[in-house]
Amino acid sequence: MIVDPDVEAYAEAHTTPQARHLQALAQATREQLTAPEMLSGPVVGRLLELLVWLRRPRLVVEVGTYSGASALAMAAALPPEGRIVTLELDPERAAFARRHIEEAGMDDRVEVRVGPALEALRALDEPVDLAFVDADKTGYPDYYEALVPRLAPGGLLVADNTLRGGRVLDPPADDPGTQAMARFNDRVASDERVVGVVLTVRDGVTLVRPA
């Protein structure tokens, strides 16, 4: 986390609370899944919801479903014609997410696909209006290169955890995830195809749009 914990708590306390089904999902995630720190959290969830509300996407692609919290946060703001395709490598996590997506009544708008994300991204045959990347950190450079050419005009790519607790400033030799994130950040900053901004929200959220 980058921001002082008291400031982070203040920001969360002054952000509109999540819907009850998302609160219940977060609790179930902590009780039933490993690595509950992977939850996007209520502030990032509301940020994603707001970005979807502003962009009004027909297609949202999420790389890294985990328990389905971020997909459901975005689904709340989808326009009538919008849908989300969320990609998850772990079948157990995908099944958990599907159950909660169905319980929230969003299974007609959110599709969970299981398997390697790069294969799924390369198979996309329509423009991506909004992409959210929150998966294995070593894969970020490849996910970026797969997604940028597929962004629709006016599309948006959102990447989570891009500051890695500040470790991107001097990536440890034994931390390949942070090394990959530093490469990702450098690539976005130097890529003339896009305009990007790094936000110090939680562990870093980067927004990227076509130039």
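To start, this report covers the structure provided alongside it. (Residues numbered from 1 in each chain as written. Predicted model: local features only at pLDDT ≥ 70, side-chain atom pairs only at ≥ 80, totals over all residues. Heavy atoms only, no water.)

**Description of the pattern of salt bridges**
Scanning the model with the defined rule gives 12 salt bridges in all. The partner of E111 in a salt bridge is R113, with the nearest N and O atoms 2.9 Å apart. Take R113: its relative accessible area is 32%, and that puts it in the partly exposed class. A salt bridge links D175 to R164; the shortest N-O distance between them is 3.4 Å. Separated by 11 residues along the polypeptide, D175 in the loop between β5 (151-160) and α8 (176-190) and R164 in the loop between β5 and α8 bring together distant segments of the chain. Taken individually, D175 and R164 each receive the classification buried, so the pair is uniform in this respect. (Salt bridge = Lys/Arg side-chain N within 4 Å of Asp/Glu carboxyl O. Buried < 20%, exposed > 50% of the residue type's maximum accessible area, 1.4 Å probe, protein only. Helix = DSSP H or I, 4+ residues; strand = E, 2+ residues; numbered from the N terminus.)

**A short note on the sheet that holds strand β3 (residues 110-114)**
With mixed pairing, seven strands are arranged side by side in an open sheet as β3-β2-β1-β4-β5-β7-β6. Both edges of this open sheet fall to β3 and β6 (194-199), since each of them pairs with a single strand only. Across the sheet, the axes of successive neighbouring strands diverge by a mean angle of 15°, strand direction being ignored. Along the sheet, helix α7 (residues 140-147) contacts β1 (59-63), β4 (128-133), β5, β6 and β7 (205-210); its crossing angle with β5, the most-contacted strand, is approximately 170°. (Pairing = 2+ DSSP bridges. Axes fitted to C-alpha atoms, helices over the stretch in contact; angles between N-to-C directions. Contact = heavy atoms within 4.5 Å.)

Such coordinate-based values are descriptive only and should not be taken to indicate function.
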